[in-house]
Amino acid sequence: MNDFKAEPNELKTAMLNSAERVIESGWYVLGKEVENFEREWASKCGTNHAIGVANGMDAIEIILRSLSIGPGDEVITTPMTAFASVLAIFRAGATPVLADIDPESAHLSIESVKRCINAKTKAILLVHLYGQIRNIRQWQSLAKSSDIYLIEDCAQAHLAKLEGKTAGSFGVAGAYSFYPTKNLGAPGDAGMLVTDDGHLANMAACLRNYGQSVRYFHPEIGLNSRLDEMHAAILSARLKWLDNFTARRREIASRYYAEITAPYVRLMAKPQELEAHVYHLFVLLCPQRDALQKHLEHHGIQALIHYPVPIHLQESCLSIKRDPAGLEFSEEHARCCLSIPCHPQMSDVDVTHVITSINAFQAI
Ligand SMILES: *Cc1c(COP(=O)(O)O)cnc(C)c1O
């Protein structure tokens, strides 16, 4: 699903030079490299502010806490996401409420979200699942008319664009993860939140560093969620390659759309614009998913499931609040979805091998 060792030598050298620069500087946490990468990322996202944090989950928690969302408040999100999306809501002390998904895209269903909104609802955490932004105007207007915040979970959608705007710039704030396997990844954990809201940015900068305003003064009960200089420097080097890598992911995806013709396999809804999808994952649906996964493994192809257990079926979340109409489409998606390799280090021959192997799948 990934092959970091196959990355270009030029990129490896740039990463080593960045690491050397940080070690020579003698400054390791929240310094010039972090400030520089924050500036670069804010500019890429088209937002006024970017605040580097320790990981994507913390970015969501810190956004919620900066907006004073906590105990007694409800935040609506999807059961078809990384566990971290929901865990961040719990960590902020708020109550997650799960709405069902639209089966064509696996993104949140607007009808289901509407059923979940009540007087306690403070925000929708919209996950740009698999790397795609969809129907963003509808989400913006629903949030506006319901007087709640729209928060974007951009952990899979690095610099995806719809109608000329970038992921993270549509809602009050966006959370990014730079976990190694994300489209832009650090050699370890790292994250960032982006926003146009100056107050939110100040609160977030305070919260990530023990709730400290100036040295040794703590107006807030914060957390330790700082971004390291080493990660920031290396991310900045890797950022120069991101457009290139994203373009390659799109090339691979367009071949998949054109050439996967297996009768028992269904592809997810195509993006509304070419740039709206950055293909963090390329996901297909198959009623005999486990057999297809085995078949691919037999052909030397790794395929993974995102996600096999929707949040409300996790042992720790069995009593989680949810759409009273149920979460049937999420459960169905979890049974059928399969992510096939779609990363920038794949050769054309690799892509052809994936396609021919899928097309050779005989359902039993
Ligand atoms: C990866 C991911 C996160 C969490 O990011 P971490 O950096 O691992 O904490 C949150 N939401 C989604 C959708 C993710 O894919």
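Everything here concerns the structure above.
Read on for a plain summary of the structure. (Residues numbered from 1 in each chain as written. Predicted model: local features only at pLDDT ≥ 70, side-chain atom pairs only at ≥ 80, totals over all residues. Heavy atoms only, no water.)

1. Some details on the nonpolar core
For step 1, the next point in the chain: Judged by nonpolar contacts, the single largest core of 43 residues is most densely connected at Phe 37, Trp 41, Trp 139, Tyr 176 and Phe 178.
For step 2, the next point in the chain: Listed by contribution, the elements that provide at least two residues to this core are α2 (32-45), α5 (110-116), β4 (121-127), α6 (136-146), β9 (191-195) and α8 (229-259).
For step 3, the next point in the chain: Looking at which element gives the most residues to this core, the answer is α2, with five residues.
For step 4, the next point in the chain: Grouped together as the second largest cluster of nonpolar side chains are 41 residues, Tyr 256, Phe 282, Cys 286 and Ala 334 included. (Core = buried A, V, L, I, M, F, W, Y, C linked by side-chain atoms within 4.5 Å. Buried < 20%, exposed > 50% of the residue type's maximum accessible area, 1.4 Å probe, protein only. Helix = DSSP H or I, 4+ residues; strand = E, 2+ residues; numbered from the N terminus.)

2. Some remarks on the sheet that holds strand β12 (residues 321-322)
For step 1, the next point in the chain: Spatial strand order, β1-β9-β8-β5-β4-β2-β3-β12: eight strands in an open sheet with mixed pairing. In the strand order of this sheet, the two ends are held by β1 (49-53) and β12, each with one partner.
For step 2, the next point in the chain: Here strand β2 (residues 74-77) pairs with strand β3 (residues 95-98) via four bridges, running parallel. Opposite Ile 76, over in β3, you have Val 97 as the bridge partner.
For step 3, the next point in the chain: On top of the sheet, helix α4 (residues 83-91) reaches β2, β3, β4 and β5 (149-153); it is set at about 145° to β3, its chief contact. (Pairing = 2+ DSSP bridges. Contact = heavy atoms within 4.5 Å. Axes fitted to C-alpha atoms, helices over the stretch in contact; angles between N-to-C directions.)

3. Description of the site of the ligand
For step 1, the next point in the chain: Residues in close proximity to the ligand total 13 residues, the closest being Gly 56, Met 57, Asp 153, Ser 177 and Lys 182.
For step 2, the next point in the chain: Between a nitrogen atom of the ligand and a side-chain N or O atom of Ser 85, the distance comes to 3.3 Å.
For step 3, the next point in the chain: Within the side chain of Ser 177, a nitrogen or oxygen atom sits 2.6 Å from an oxygen atom of the ligand.
For step 4, the next point in the chain: Burial of the ligand by the protein amounts to 89% of the accessible area it has alone, namely 380 Å².
For step 5, the next point in the chain: When grouped by side-chain class, the residues that make up the shell around the ligand number five nonpolar, six polar and two charged. (Near = heavy atom within 4 Å. Polar contact = N/O pair within 3.5 Å; in protein donor to acceptor, adjacent residues only side chain to side chain. Areas by Shrake-Rupley, 256 points an atom, 1.4 Å probe, with all protein chains shown as cover. Nonpolar A, V, L, I, M, F, W, Y, C, P; charged D, E, K, R; others polar.)

4. Structural notes on the state of the cysteines
For step 1, the next point in the chain: Taken as a whole, this structure holds zero disulfides when the rule is applied.
For step 2, the next point in the chain: Cys 45 forms no disulfide, and the closest cysteine sulfur to it belongs to Cys 154, at a distance of 7.1 Å. (Disulfide = S-S within 2.5 Å.)

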